[in-house]
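Chain by chain, the residues run as shown.
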Amino acid sequence: MISAQARVAGVMGWPVGHSLSPRLHGYWLDRYGIDGAYVPLPVRPDSIASAIAALPLLGFAGANVTIPHKEAALAAADETSAAARRIGAVNTLVVRDDGSVLGDNTDGFGFAESLKETAPEWRASTGVATVIGAGGAARAVVATLIDGGAPEVRLVNRTREKAETLATEFDGPCRAVPWSERAAALADTALAVNTTSLGMVGEPPLDLDLDQLPPDAIVADIVYRPLRTALLDEASRRGNRAVDGLGMLLHQARPGFAAWFGVEPEVTPALRRHVLDALEA
Ligand code: NAP
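Within each chain, residue numbers correspond to sequence positions counted from 1 in written order. Totals for whole chains, interfaces and linings use every residue, but because this is a predicted model, local features are given only for residues with pLDDT of at least 70 and side-chain atom pairs only at 80 or more, for both listing and counting. Heavy atoms throughout the structure, all of them, feed into the side-chain values; hydrogens and water do not.

## Some details on the overall build of the protein
- Note on conventions: DSSP H or I runs of at least 4 residues are helices, E runs of at least 2 residues are strands, and numbering of each starts at the N terminus. A count of helices and strands for the protein gives 11 helices and 12 strands.
- Radius of gyration: C-alpha atoms only; globule rule: 2.2 Å multiplied by the number of residues to the exponent 0.38. Taking 281 residues into account, the globule formula puts the C-alpha radius of gyration at 19 Å, and the protein, at 19 Å, falls close to it.
- Projected onto its principal axes, the C-alpha positions of the protein cover 60 × 40 × 35 Å.
- Counting only residues that meet the buried cut, the protein has 52% of its 281 residues in that class.
- Intrachain contacts of the protein at a sequence separation of at least 6 include 66% that bridge at least 24 residues.
- As displayed, the protein has an accessible area near 12600 Å², and 53% of this comes from carbon and sulfur atoms.
- Here the protein contributes 25 positive and 34 negative side-chain charges, whose respective centroids are spaced 2 Å apart. Each residue's exposure class comes from its accessible area (1.4 Å probe, protein chains only) as a fraction of the maximum for that residue type: buried when under 20%, exposed when over 50%, partly exposed otherwise. Contacts: residue pairs with any heavy atoms within 4.5 Å of one another. Using the Shrake-Rupley algorithm and a 1.4 Å probe, accessible areas are obtained, with residue cover drawn only from the displayed protein chains. Residues scored as positive are Lys and Arg, those scored as negative are Asp and Glu, and His as well as the terminal groups of each chain are ignored. Charge placement uses NZ in Lys and CZ in Arg. For Asp and Glu, CG and CD serve respectively.

Here it is as structure tokens:
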């Protein structure tokens, strides 16, 4: 039950009915007994700027932004964080006391935090990272790796020009590797990440031979539907530590919840189970 003083946030998407965010934030609101609500906000693509401008007018604390609005939200927010500008997309909006709207991107934070859950000693600076894919999610992962001090990031994408553009834009120790050389790129890699949509329900698996991957390397897949992709199964079979995509999804939500509702929420096994139940339904 909420009162007339309840804090309100939501998720803007089109369509938004598939979003797991209401279930995730709803769990934390219950868990911490917060007088607040988190609601789905179906916003048409041509209305995103007006919808963002309406947040302070309606007294919202903020919102998440999902497909197809993440890039448009970057231009529509009053101010943007360095992470959002670097990634070129916004996934979290916070209404500030002066009524202005700050656009942030927490996907890279979510990715790094999820890795640390499985491998607490992991740091981007530890070793070479190989990133498969050069789409929107790859931008968040690559930014986090470079900002964390990765000595080298190998970018492998089916469309090589996109990997080259990303490498040039990020201006770090990044280099594009041809798709045909993806297996060889894994030699002396400390972290291999799939950021493509391959392996997702309805998509073919990622065809990646792990033979050259060192045994102590971490393999992460940001796909979370299904939770255990063929890539993660193969990594576990070889004895590599495997990190699924659900952790990133859960951890990216933490900064928004803390800003809107004033409580630093925890990612727990019970929360994972709660969100997994919806994924598996
Ligand atoms: P995107 O911008 O559309 O990028 C898709 C990427 O997949 C591109 O690199 C694309 O390569 C590659 N790809 C697609 N089909 C391919 C194929 N048949 N062979 C080789 N490469 C192929 O998508 P995105 O937003 O980055 O999302 C990618 C995945 O990450 C999705 O499954 C999404 O659900 C997941 N994701 C998870 C989280 C999380 O929190 N866990 C967050 C964001 C996204 P080309 O450039 O050659 O087309």
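This is not the end of the story, as more comes after the structure.
## Observations regarding the sheet that holds strand 5 (residues 92-95)
- What the 6 strands build is an open sheet, ordered 2-1-3-5-6-4; its pairing is mixed. Two strands bound the open sheet, and with one partner strand each, they are strand 2 (36-42) and strand 4 (79-80). By the convention used here, strands pair only if DSSP detects at least 2 bridges between them.

## Some details on the packing of aromatic side chains
- Working definition: a ring pair exists when centres of Phe, Tyr or Trp rings (six-membered ring for Trp) sit within 6.5 Å. Plane angles under 30 degrees give stacked, over 60 give edge-to-face, the rest tilted. Within this structure, the stated rule accounts for 5 aromatic pairs.
- Aromatic pair Tyr 32 and Phe 257: ring centres 6.4 Å apart, planes at 50 degrees, arrangement tilted. Of this pair, Tyr 32 sits in the loop between helix 1 (21-31) and strand 2 while Phe 257 is found in helix 10 (residues 254-261), placing the two residues 225 residues apart along the sequence.
- Residue Phe 257 is classed as buried on the basis of its relative accessible area, which comes to 0%.
- A centroid spacing of 6.2 Å and a plane angle of 85 degrees characterise the contact between Trp 260 and Phe 261, whose relative ring orientation is edge-to-face.

## Let's talk about the site of the ligand
- A cutoff of 4 Å decides nearness: a residue is near a molecule or strand if any of its heavy atoms lies inside that distance of it. In the region of the ligand, 21 residues are neighbours, and Ala 137, Asn 157, Arg 158, Thr 159 and Lys 162 sit closest.
- For the purposes of these results, a polar contact is taken to be a pair of N or O atoms within 3.5 Å, where, inside protein, one atom must be able to donate a hydrogen and its partner to accept one; residues adjacent in sequence count only when each atom of the pair is a side-chain atom. Between the ligand and the protein, one listed contact pairs an oxygen atom with a backbone N or O atom of Ala 137 at 2.8 Å.
- Here an oxygen atom of the ligand and a side-chain polar atom of Asn 157 are 2.7 Å apart.
- Contact with the protein chains covers 74% of the free accessible surface of the ligand, which is 930 Å².

## A short note on helix 1
- Here helix 1 has its buried residues at Ser 21, Leu 24, His 25, Tyr 27, Trp 28 and Leu 29.
- Immediately beyond the C-terminal end of helix 1, within one or two residues, lies Gly 33, with a positive phi of roughly 60 degrees.

## With respect to the environment of Ile 146
- Take Ile 146: it is sitting in helix 6 (residues 136-147).
- Looking at Ile 146, the relative accessible area reads 14%, which means it is buried.
- Once residues within four sequence positions are removed from consideration, Ile 146 is found in contact with Arg 86, Val 153, Phe 170, Gly 172, Pro 173 and Cys 174.

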